[in-house]
Amino acid sequence: MRTLAIARQLPSWLWPLIAGLALVAGPWIGLNAVWTRQLTLIAIYTILVASLNLTFGYAGLFSLGQVAMYALGAYVTAILMVHGWPIIPSLVAAMFAAGVLGVITGLPGLRLAGWGLGMTSFFLVILTPDIAQVFQSQTGGLFGLAIFGNALSAKGVYLACAISMVVVLGLLRNLVSSSFGNSLRVLRQSPVLATSLGLNVHGLKLKSFILSSIPAGLAGGLYVILDHYVSPDSFDLTLGVLFIAASVLGGTESIYGAFFGVAVIQFLTWRVTAFQQYSLVAYGLFLVLGGVLFSRGIAGIARDFGNRITRKAIVVPDRLAPRLTTPDAIAPIPGQLLQLTEVTKDFQGNRAVDDVSLTAGPGQVTGLVGPNGSGKTTLLNLISGLYQPTAGDIVLGEQRLRGVAPHRVARGGVARTFQTPIIPAGMTCLEVVASAGYANDAPGILATMLRLPACGRANRSRRTSALETMRLVGIEHLAEQPASGLPLGSRRRVEVARALAGQPRLVLLDEPASGLDEGEVDDLALVIRRVADAGGTVILVEHNFRMVCEVSDRIYVLESGRLLAQGTPDEIQRDEAVAASYLGQLPDAEEIIPHPNPVGSE
Amino acid sequence: MLTVWLGICTGAVYTLVAVGFNMVFVASGTFNFAQPQYLVVGTFIAYTAVFTWGLSPWIALPAGLVIGAVSGIAQERLAIRPVAAKGINAELVTMVGWATAMEGIVLLIWGENPLAVNGVASNSVLMVFGTRVTVAEIVIVAFTLAVALGLHFWSHRSLLGIACLATSEDRDSAMLRGINVKLLGVGAFAVAGGVLALAGPIAGPITFAVYSFGNTVVLYAFLAMAIGGFGHNIGAVVGGISLGIFQSEISLYLGDKWVDILTFVLLLVVLLARPQGLFGQRRERVI
Amino acid sequence: MSSDALLRVESLSAGYRDLQAIWEVDLTVQAGQVTVLLGRNGAGKSTTLLTIAGLLRTLGGRVELGGEDISARPARLRTKMGLALVRENKRIFRQRTVEENLLIGGFIMRRAERQKALRRAYEQFPILLERRHQLAGALSGGQQQMLAIAQALMPQPRVIMLDEPSAGLAPAIVKDVFATLTRLRDEGVGVLLVEQLVDQAMAVADRIVLLDQGRVVSAGAGAGMPDIDKFRGVYLGRK
């Protein structure tokens, strides 16, 4: 029992590091020649599969491009060594070349997803023999290229591969268990969400392609050093399928899992000689079974087992969000003045927004109501930069928003929620709320990989401000709970907290009361008033007219893209045009909803 | 002229596979990466029927239909339905797995050497507009056009066809309206698998029986679908045949090794410039 | 009185994978009457409707339609027997035209009956006739809700269940929706309505069932209807 308690307190990277060092020392502590070669191969493939997991498991991009990088790395290394280059510069060149290819193939890959991306990457693999033939003189065409001399001993090769594997796994692990890894999860869940958090979707995708190509190129170079020979036959679709099989078996969302996946498959291939003939069928079945059963692979099973040992409580999500309490002090929110001047938006002959002018001030809640199709959501999308106005201007504080790319608008301090909350899977509530800050103060990739102090500082400050915001919204007790499984009311609050956590200059709420019951709507109104009282600028799009009247300082009514009326809630309720178009009739005297009192001012 | 005709013939094979893709896509919303393997199986069945057992190639037609349909049902049950809710990456993985397994089984049974297939149509040659054309080639093209056009009109006119389209959009709602969604999904896989395997003795004369054929055809048929528009059968005809002609001309003027490279470029161009294809509908913005 | 209930639910329990959501729920719907199901979010209202419709498996209890036990029947068979569900969020087939949506609604009918039902739908909802060949996704929210209701009504169900039909709709449209519901009731259809707009729902209710944390806490009809304000205070937490 005591050992378990001690074990729980050691840093999580210690065990893998010890295992890695033991592996590196292998041949000197008793590993025979046959096993040495097998482990060398395993190390090479592990580097590849781990980098595959970065794009496939974390960013959700189905790409087999790794095999092409692997091939390129191998050829570059082979060609350079044939020309007399020593090993290390050749490997570096291989990594560089793979990185460049990663950029080139990543660029079109930016706009593709799902099967489109998968097919393109499959194709790239099939092209390898053709490209080798086109550059026949350098590559030896279909016959391949052999390298003589400059050979390392088998142990030397093993050392090179094992150390490379340990280093690559370490760097990748640091990368994925950081804000960068969470950014990838956000990207996987929804590129729209990523943009609204200020993340540059194309930039993220490109970075993950490059970061996964470089290790693949290294693996290719190491392979050549091992076998002294390269030919197009070594790089085919079957290899790609093998890598996916290893990824799925080990757990696509795990870096260490890659090792186990590769080890199992390599072991089976080697030991069971009959397996060779059946290899295609076996890989195929692995994939089918793996996809169906082991959604998280060996790593997932190990994690569950580990949780059971350390007895981490599996918390059942709270079905009902608790009532709000009043926090002691509310940090000020830097709201600014938003001004829309004569904004118009045309979509192919359809005028969705027609000459709308609107002002939303700090410390105020500005309501925006109107029938479906009246242009409310279009207006929100115009403000957040997802659409560009056909005419008119949008200014926030001193900054002109018109013509600015949506992720830059988000970085400029515009935060929004969505009609259906978009919450990435695999993150706790705290992480979701903290993701608001990723775009603005992300430490560089290098710092993240090496776990420099700047990284830790950024994490801590994000965590503190996220907790504060969660306190404001009343969900700090949910901090460590997985966010995506929570009921709707809680998820809405998490979204609101996320919108607030980035010190927003403008908060856009898109039908936040939809799907909430009366009690939850009251709490939401309370939170919105708090935000305004703390200085935030809030624009509230909502159909729950009662709530809008209770909470807003000013209301704009849209119809068919045009402003129908504007004024205080009182004025709007008495407006005949609004009644006819939106409410259906004029309310009776008793039905007039009272002018906003700060709800819950007690 | 001959190159164009040969291009049309290979293009017809791509179209046939693309139509299989469309059938499954429309009825169940999934892209069946393993679809071409059914055609491969069909060609080998045709070979076995004629050369190994000395039967008439016409026997291969119903044999292919049955085997293809049964395999399709097996795929739906074992590899598709269990992952229906797990997101697109799980689906990608099981599809690639099933395709690989099918390829592996074919390799095990018949080995890696390409085999000649005597199809249902004779190899006698006609002269059409000064070009040498075999009867078998005409049958391939005619069969493909018949299947593609027939399917197109059926899916847009008949209630069952519309129900398929609706089911691919929203399964639960389709169930609530009384549609037997499970049957539709299984049915699509069975019909697509059966039709493609049945096409073995028809397409065999020009594709031969090659265990790895599926790997390249899947990419070409995908491109045909991308050009025409996902789910659109007339688009598949246009896409497949134009791709066939494109490849044929490149092979003639630049040589074989450039065929794949330029096809790849074409794929990129289509996916980037017009991802919805010629006839597909632009997806509305989801915000 | 309750022996001729059109829809009778007894002791129904159901849930999602590892979470049970409702326990032993009883409710009835009479022909030509509206039963309203109220409760806070997460109380199990949608779960109840989905289970009655057959989209969720029951963990216990029974569902009877017109005296017949349908607890073991799959969803599409329940539709054939005269049960209809209009789900929340205007779930229609956006990529299909208005007319195609209606025809799918009549999928289980014979051709001649389906054409008759189509004409009837256009009479009751003239706005749909105007837009019959437009894509359903191009309609406004209110029109989509009307289409969803019309679609469910095609096979002339005996009981229609609606899950928050007012969600996301402008107040004027909500009035139209409720007018449609009253008309249905007057035609003898049994209506089971889940709503968050308590006041509007109360105005049309013949029977009320209050749900909290998956259990029925109060139910009654006519003079025996539970006190809503008390419910609001206790369960919805309103002042």
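Owing to the predicted nature of the structure, the values given are computational and were not obtained by experimental measurement. (Residues numbered from 1 in each chain as written. Chains lettered and ligands numbered in written order. Predicted model: local features only at pLDDT ≥ 70, side-chain atom pairs only at ≥ 80, totals over all residues.)

Digging into the overall build of chain B
Helix and strand counts for chain B stand at twelve helices and two strands. Secondary structure elements of chain B occur, N-terminal to C-terminal, as α-α-α-α-β-β-α-α-α-α-α-α-α-α. Radius of gyration (C-alpha) of chain B: 19 Å, near the 19 Å computed for a compact globule of 287 residues. Overall size of chain B, expressed as C-alpha extent along the three principal axes, is 55 × 45 × 35 Å. In chain B, which comprises 287 residues, the share counted as buried stands at 57%. (Helix = DSSP H or I, 4+ residues; strand = E, 2+ residues; numbered from the N terminus. Rg over C-alpha atoms; globule rule 2.2 N^0.38 Å. Buried ≥ 20, exposed ≤ 12 C-beta atoms within 10 Å, placed from the backbone.)

Here's the deal with the packing of helix α1 (residues 2-28) of chain B against helix α5 (residues 135-157) of chain B
All names here are of chain B. Where α1 meets α5, the closest approach of the two axes is 9 Å, and the angle between their N-to-C directions is 25 degrees. Accordingly, the angle class assigned to the pair α1 and α5 is roughly parallel. Like other packed secondary-structure pairs, α1 and α5 cross with a definite hand, here left-handed. Side by side, α1 and α5 meet where Ile 8, Cys 9, Ala 12, Val 13, Thr 15, Leu 16, Val 19, Met 23 and Val 26 of the first sit next to Glu 137, Ile 140, Val 141, Thr 144, Val 147, Ala 148, Leu 151 and Ser 155 of the second. (Axes fitted to C-alpha atoms, helices over the stretch in contact; angles between N-to-C directions. Parallel < 35°, antiparallel > 145°, perpendicular 65-115°, else oblique. Left-handed = near helix turned anticlockwise from the far one by under 90°. Contact = placed C-beta atoms within 7 Å.)

Quick notes on the sheet that holds strand β5 (residues 68-69) of chain C
Residue and element names in this part refer to chain C. The four strands are arranged β2-β1-β4-β5 in an open sheet whose pairing can be described as antiparallel. Only two strands of the sheet have a single partner each, and these edge strands are β2 (19-29) and β5. Bridge count for strand β1 (residues 7-16) against β2 is seven bridges, and the pairing is antiparallel. Each bridged residue has a counterpart across the sheet, and for Arg 8 the counterpart in β2 is Thr 28. Its contacts with the sheet place helix α1 (residues 45-53) against β1, β2 and β4 (58-65), and it is angled at close to 110 degrees to β1. (Pairing = 2+ DSSP bridges.)

Section: the interface of chain A and chain B
Tallying the contact residues gives 39 residues for chain A and 35 residues for chain B. Elements that contribute at least two residues to the side of chain A that touches chain B include exactly α6 (114-134), α12 (237-250) and α14 (273-292) of chain A.

Quick notes on the interface of chain A and chain C
Contacts between chain A and chain C engage 24 residues on the former and 20 residues on the latter. Those elements that place two or more of their residues in the side of chain A that touches chain C are α21 (488-501), α22 (518-533) and α25 (576-583) of chain A. Ranked by residue count, the leading element in the side of chain A that touches chain C is α22 of chain A, at four residues. Residue classes in the side of chain A that touches chain C are distributed as eight nonpolar, nine polar and seven charged. (Nonpolar A, V, L, I, M, F, W, Y, C, P; charged D, E, K, R; others polar.)

Thoughts on the domain arrangement of chain A
When the parts of a complex come together, some accessible area is lost, and that lost area is often used as the size of the interface. All names here are of chain A. We note that the domain assignment places domain 1 (16-237) and domain 2 (338-591) within chain A. Each of domain 1 and domain 2 has a C-alpha centre, and these two points are 43 Å apart. On the domain 2 side, the residues contacting the 20 residues of domain 1 number 25 residues. When contributions to the side of domain 1 that touches domain 2 are tallied by element, the ones reaching two or more residues are α8 (154-176), α9 (179-189) and α10 (191-196). In terms of residues, the side of domain 1 that touches domain 2 owes the most to one element, α9, which gives seven residues. (Domains from an automatic or database assignment.)

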